[in-house]
Amino acid sequence: MPAILRLKVQIFKQVFNFTTFHSFCSSRINISTNPDPKTLNHLLNQRPPLFQLKQVHAQVITQSLSSNSTLVDSLIHCYLSTKSLTFARTLFDEHPNYPPSILLWNLMIRSYSKILNSREPVDLFRRLIGLEHDPLVVPDNYTFTFLITSCTHQKSGLHGIIIHGIVIKNGHLSNLYVGNSVINLYAVFGRLDDARKVFDEMPERDVFSWTSLLGGHAKQGEMERATEIAAMMPIRNMVSWAVIISGFIDCGRYIDALTCFHEMLRESHDSLKPNEAVLVCALSACANLEALDQGKWIHAYINKNGFTKMSNISTALIDMYSKCGIIRDAYRVFHSITQPDVCNYTSMISGFSDHGLGSNALRVFHQMIAQNVTPNELTLLGVLKGCSHSGLVEEGCFIFYKTDRYWNIEPKVEHYGCFVDLLGRAGHLKLALAIAIKMPLDADIVIWRALLSACRIYKYVNLADKILAYVEQGYFGHFNGNEVLISNLYASLSKWERVSDVRKSMSKREHKSSIGCSWIEVNGTIHEFRVDDQLHPQIGMLKDVLKSLISDEMFETEFHK
DNA sequence: TACGGTAGGC
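Residue positions are given per chain, counting from 1 as you read along its sequence in written order. The naming scheme follows written order: chains are lettered A onward, ligands numbered 1 onward. Per-residue local features of the predicted model are confined to residues with pLDDT of at least 70, and side-chain atom pairs are confined, for both listing and counting, to 80 or more; whole-chain, interface and lining totals are unaffected and use all residues. Only heavy atoms go into the side-chain values, all of them from the structure, while hydrogens and water stay out.

As recorded by an unreviewed UniProt entry, chain A carries the name DYW domain-containing protein and is attributed to Mikania micrantha.

Take a look at the structure:
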């Protein structure tokens, strides 16, 4: 081994435990010169990428500069900025001037705070408050802001509440940032009264305080309260609008979401332009409402304002056109993307599948694999759905059995659902049943429904009876959609008494089920109708039109009974 | 001297 390589190995062993030695060997480190600490620090201040950072770190070790705390501080900064927490943590724990400055404690806590369910921020905080001998290293406003933010990313709000107590005791709650992080903590955990109390007692508030409070109500689906808070806000920014609009979308109030979007445009004129998040939300509302005209309007806005290159916008556009029934335009958007990512591909594949264009879905899927884009769970669900709806049994089987080995994705119950549906629709009912029984997860109602559906198509009476007995035992009376299916199945098998039983059971519970709702977009306005709805301003005219469309007899039965 | 808090789709 040449001397230079031996030295590299030696350095590498010390710093990185050989884990990525190959990549280290291929780096271009200049060992012949020995940069002084000032030069190394200057290099670190440029925030180099990880591979260069490791070279500088190696130089620090080989030149015995590991006790230079300025250099170690800079190295920690750099490792944290490249999200290499493990390296940063090792240097932090072995800091030459232990304990490191409060700045470094804060930076470490901040980095860990972004990781879900990490115990590290609280553990570090415990260590920090245990350093009683050093009066210079004490928690400050930054520490509490990061610490509380980390608690919002945990499963339980318990740590956050305890830390809130410490914050009050130490008088940090008067700080705007600390206060805002506490409001957000309570908002995230649905403790809206507590959030409000902190909000009310703050000496000053800003748009973050208001948005966090508003977001708390939106997350709980309390959109009336959220709207009231929004109306009281002194200033609204794009995030506040995004919180309100997405709140409406989360609870299925798409018309309200779009109304809000237009209100935002009216209010802000040119001062505040909708950003990516708001546009994605608005497109999602259009997709769910099948509001093509509004969707097209937003698309024109996106083109005019240069949002076309944003991947999430493209994904939302593909989805919007697809759900509005214009698959050709969905493909046009997809085709215009230079380098589609997994979300773009998934949206396009699902679009084709929903339109019954399984072979197109499959073609896009193969194109994706050829481009080395790794599919995710939703991509596979999309392509399996496409195969199922288009009878592409062989292709569907191939993909289903390769999910684990090729793409490291363990099939979920939804994938099994698609697969059983694929086999059932194609008439391979016994195989489908075997999969449903032997699958490693518990078969859900969707799977049994797929099997029943297949029994109905192929009139497999005996098998249907067996499945029905099982389904009735486990699920009957819990799923409306299932009862309709069972009733239809009995009807197709001419078992009229059973049909009557199921219908009676359904009508007894009818008051508990949600009211059906339909809507239609005319000239950019959404008109919404519920069962027996008389509220539309033109209901009289609508009834007249309906009269001319359906027979008088039917009209009498439906509307004047 | 350096570090803060809020938002979205398939």
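Novice: Help me out: how do you make sense of the protein's contact with DNA strand B in this one?
Specialist: If you check the shell around DNA strand B, you find 33 residues, and the closest are R110, N180, D206, E276 and C343. The protein-proximal atoms of DNA strand B, defined as those within 4 Å of the protein, are 34% sugar or phosphate. Within the side chain of N275, one N or O atom sits 2.9 Å away from a base nitrogen of DNA strand B. In DSSP terms, a helix is any run of H or I states spanning at least four residues, a strand is any run of E spanning at least two, and both are numbered starting from the N terminus. When residues of the surface near DNA strand B are assigned to their parent elements, the largest contribution, five residues, is made by helix α9 (residues 141-152). Nonpolar residues are Ala, Val, Leu, Ile, Met, Phe, Trp, Tyr, Cys and Pro. Charged residues are Asp, Glu, Lys and Arg, and all others, Gly as well, are polar. The residue inventory of the surface near DNA strand B, partitioned by class, reads 15 nonpolar, 14 polar and four charged. We define proximity as follows: a residue is near a molecule or strand when any one of its heavy atoms falls within 4 Å of that partner. Throughout this description, a polar contact denotes any pair of N or O atoms lying within 3.5 Å of each other; where both atoms belong to protein, one of them has to be capable of donating a hydrogen while the other can accept it, and for residues adjacent in sequence the pair is counted only when both atoms sit in side chains.

Novice: What should I look at first to understand the environment of V413 in this one?
Specialist: One can find V413 in helix α25 (residues 413-425). Through-space distance from the C-alpha of V413 to that of A443 is 6.9 Å; in sequence the pair is 30 residues apart. Contacts between residues were defined by any pair of non-hydrogen atoms, one from each residue, lying within 4.5 Å. Discounting chain neighbours no more than four positions away, the residues touching V413 are M439, L441, D442, D444 and I447.

Novice: Sorry if this is basic, but what is going on with unusual backbone geometry here?
Specialist: Apart from glycine, the bulk of residues carry a negative phi angle, and the bulk of peptide bonds sit in the trans form. Cis geometry marks the peptide bond from Y98 to P99; its omega dihedral reads 0 degrees. The residue P99 is located in the loop between α6 (85-93) and α7 (102-113) in this model. One non-glycine residue, N117, lies in the positive phi region at around 55 degrees. Relative to the elements of secondary structure, N117 occurs in the loop between α7 and α8 (120-129). Between buried and exposed lies partly exposed: a residue is buried under 20% and exposed over 50% of the maximum accessible area for its type, with that area taken using a 1.4 Å probe on protein chains only. The exposure class assigned to N117 is partly exposed, which follows from its relative accessible area of 39%. Residues other than glycine seldom take positive phi values, yet E290 does so here, at roughly 55 degrees. Along the chain, the position of E290 falls in the loop between α17 (276-289) and α18 (292-304).

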